[in-house]
Amino acid sequence: MIRWSTPPSNWVKINFDGSVQNKAAAGGFVLRSDDGKPLVSAAFNSGTASVPLPEALALRNNLLCIKEKGVLKVEVEGDSKLVIDIVNGVCDPPWRLVKVFQDIKLLSCNFESIR
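Residues numbered from 1 in each chain as written. Predicted model: local features only at pLDDT ≥ 70, side-chain atom pairs only at ≥ 80, totals over all residues. Heavy atoms only, no water.

Below, the discussion takes up the nonpolar core. Where a protein is soluble and globular, its nonpolar side chains tend to be buried together. Within the largest apolar cluster, 24 residues are counted, with the highest numbers of intra-cluster contacts made by Ile14, Leu59, Leu63, Ile66 and Phe101. The set of elements that each furnish at least two residues to this core consists of β1 (12-21), β2 (24-32), β3 (38-45), α1 (52-68), α2 (81-87) and α3 (98-108). If one sorts the elements of this core by residue count, α1 sits on top with seven residues. Beyond its immediate chain neighbours, meaning those up to four positions away, Leu59 contacts Ile14, Phe16, Val76, Val83, Val87 and Ile104. (Core = buried A, V, L, I, M, F, W, Y, C linked by side-chain atoms within 4.5 Å. Buried < 20%, exposed > 50% of the residue type's maximum accessible area, 1.4 Å probe, protein only. Helix = DSSP H or I, 4+ residues; strand = E, 2+ residues; numbered from the N terminus. Contact = heavy atoms within 4.5 Å.)

A few words on the packing of aromatic side chains. Applying the stated criterion across every chain yields a total of zero aromatic pairs. The cationic tip of Arg32 hangs over the ring face of Trp4; the distance from NZ or CZ to the ring centre is 5.4 Å. Above the ring of Trp11, the side-chain terminus of Arg115 is found at 4.8 Å from the ring centroid. (Phe/Tyr/Trp six-rings, centres within 6.5 Å; stacked < 30°, edge-to-face > 60°. Lys NZ or Arg CZ within 6 Å of the ring centre and 35° of its normal.)

On to the pairing of strand β4 (residues 73-78). Pairing of β1 with β4 involves five bridges; the strand directions are parallel. Across the sheet, residue Lys13 finds its bridge partner in β4, namely Glu75. Across two bridges, the pairing between β4 and strand β5 (residues 113-114) is parallel. Across the sheet, Val74 pairs through a bridge with Ile114, a residue of β5. (Pairing = 2+ DSSP bridges.)

Okay, structure coming up:
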């Protein structure tokens, strides 16, 4: 059984996801404290797109949200291998996602620790 695990003490954890159904794309995220309590959640429509776009937008929007909240230590969790691989430098983003990943990289500089 797969279970959600809490982040380390004094960290927050973000979970992000995106989906496409009938060509309509949407994404969302949740931010939780180190005791697992939800702090912020959001969902959004992202028009007509393939799955990587709402996944990447969900991560970017989450990082923007926690930057505004002054969070310094963040653990990131998502189910998109492509998004995780791009963030970790394993591969380059598709041209349609370059700007979103530039934003993610810039936002990541605002945190003391991110993993």
